[in-house]
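# Descriptive structure summary
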Amino acid sequence: MKNSAVVSERKFAAALQGMSDDELFELMAELEIRGSTLASCSPANEDFVKIVLVESAIERRFPGQMLKPYKAWQLRLMHRDCA
């Protein structure tokens, strides 16, 4: 069972590489919403694992910037929706 989880995580991580920045950020926003309802942040929780993988993908794509590009995207989206 554990090996299948590792394979799924690898497939998910590989899929992230082919996403545009907007797709990656949209996925992160969706996972954050779903994650806010988690009872605990456990490595056994699939959404938690996906959040960690997406965070890592963003940080690899924007070295040294942590999640700043994602946060800037959120602000742009919020300002666009308010205009």
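Right, let's walk through the structure included here. (Residues numbered from 1 in each chain as written. Predicted model: local features only at pLDDT ≥ 70, side-chain atom pairs only at ≥ 80, totals over all residues. Heavy atoms only, no water.)

### Topic: the overall build of the protein chain
Broken down by element type, the protein chain carries 4 helices and 0 strands. Secondary structure elements in the protein chain, listed N-terminal to C-terminal, are α-α-α-α. The burial tally for the protein chain puts 27% of its 83 residues in the buried class. A separation threshold of at least 6 residues defines the contact pool for the protein chain, and within that pool the share at least 24 residues apart is 59%. For the protein chain, the exposed area adds up to about 5900 Å²; of that, 58% sits on carbon and sulfur atoms. (Helix = DSSP H or I, 4+ residues; strand = E, 2+ residues; numbered from the N terminus. Buried < 20%, exposed > 50% of the residue type's maximum accessible area, 1.4 Å probe, protein only. Contact = heavy atoms within 4.5 Å. Areas by Shrake-Rupley, 256 points an atom, 1.4 Å probe, with all protein chains shown as cover.)

### Quick word on the packing of aromatic side chains
This structure, assessed with the given rule, holds 4 aromatic pairs. Between Phe 25 and Phe 62, the ring centres sit 6.0 Å apart and the planes meet at 25 degrees, which makes this aromatic pair stacked. Of this pair, Phe 25 sits in helix H2 (residues 21–35) while Phe 62 is found in the loop between helix H3 (46–61) and helix H4 (68–82), placing the two residues 37 residues apart along the sequence. The residues Phe 25 and Phe 62 share a single accessibility class, namely buried. Taken together, the ring pairs connect Phe 25, Phe 62, Tyr 70 and Trp 73 into an aromatic cluster. (Phe/Tyr/Trp six-rings, centres within 6.5 Å; stacked < 30°, edge-to-face > 60°.)

### Structural notes on the nonpolar core
Formed by 16 residues in total, the largest nonpolar core has its most connected members in Leu 16, Val 54, Ile 58 and Tyr 70. Looking at this core, the elements with two or more residues in it are helix H1 (2–17), H2, H3 and H4. The biggest single contributor to this core is H2, with 6 residues. Setting aside residues no more than four positions away along its own chain, Leu 16 makes contact with Leu 24, Leu 27, Leu 53, Val 54, Ala 57 and Arg 61. (Core = buried A, V, L, I, M, F, W, Y, C linked by side-chain atoms within 4.5 Å.)

### Concerning the pattern of salt bridges
Under the counting rule described, the total for this entry stands at 4 salt bridges. Between Glu 30 and Arg 34 there is a salt bridge whose closest N-O contact spans 3.0 Å. On the criterion of helical spacing, the pair formed by Glu 30 and Arg 34 is a turn pair, its members being 4 residues apart in helix H2. Accessibility expressed as a relative area gives 40% for Glu 30, which makes it partly exposed. Taking the relative accessible area as the measure of exposure, Arg 34 reaches 32% and is therefore partly exposed. Residue Asp 47 pairs with Arg 34 through a salt bridge whose shortest N-O separation is 2.4 Å. In this pair, Asp 47 sits in helix H3 while Arg 34 sits in helix H2, placing the two residues 13 residues apart along the sequence. Look at Asp 47 and you get buried, because its relative accessible area is 16%. (Salt bridge = Lys/Arg side-chain N within 4 Å of Asp/Glu carboxyl O.)

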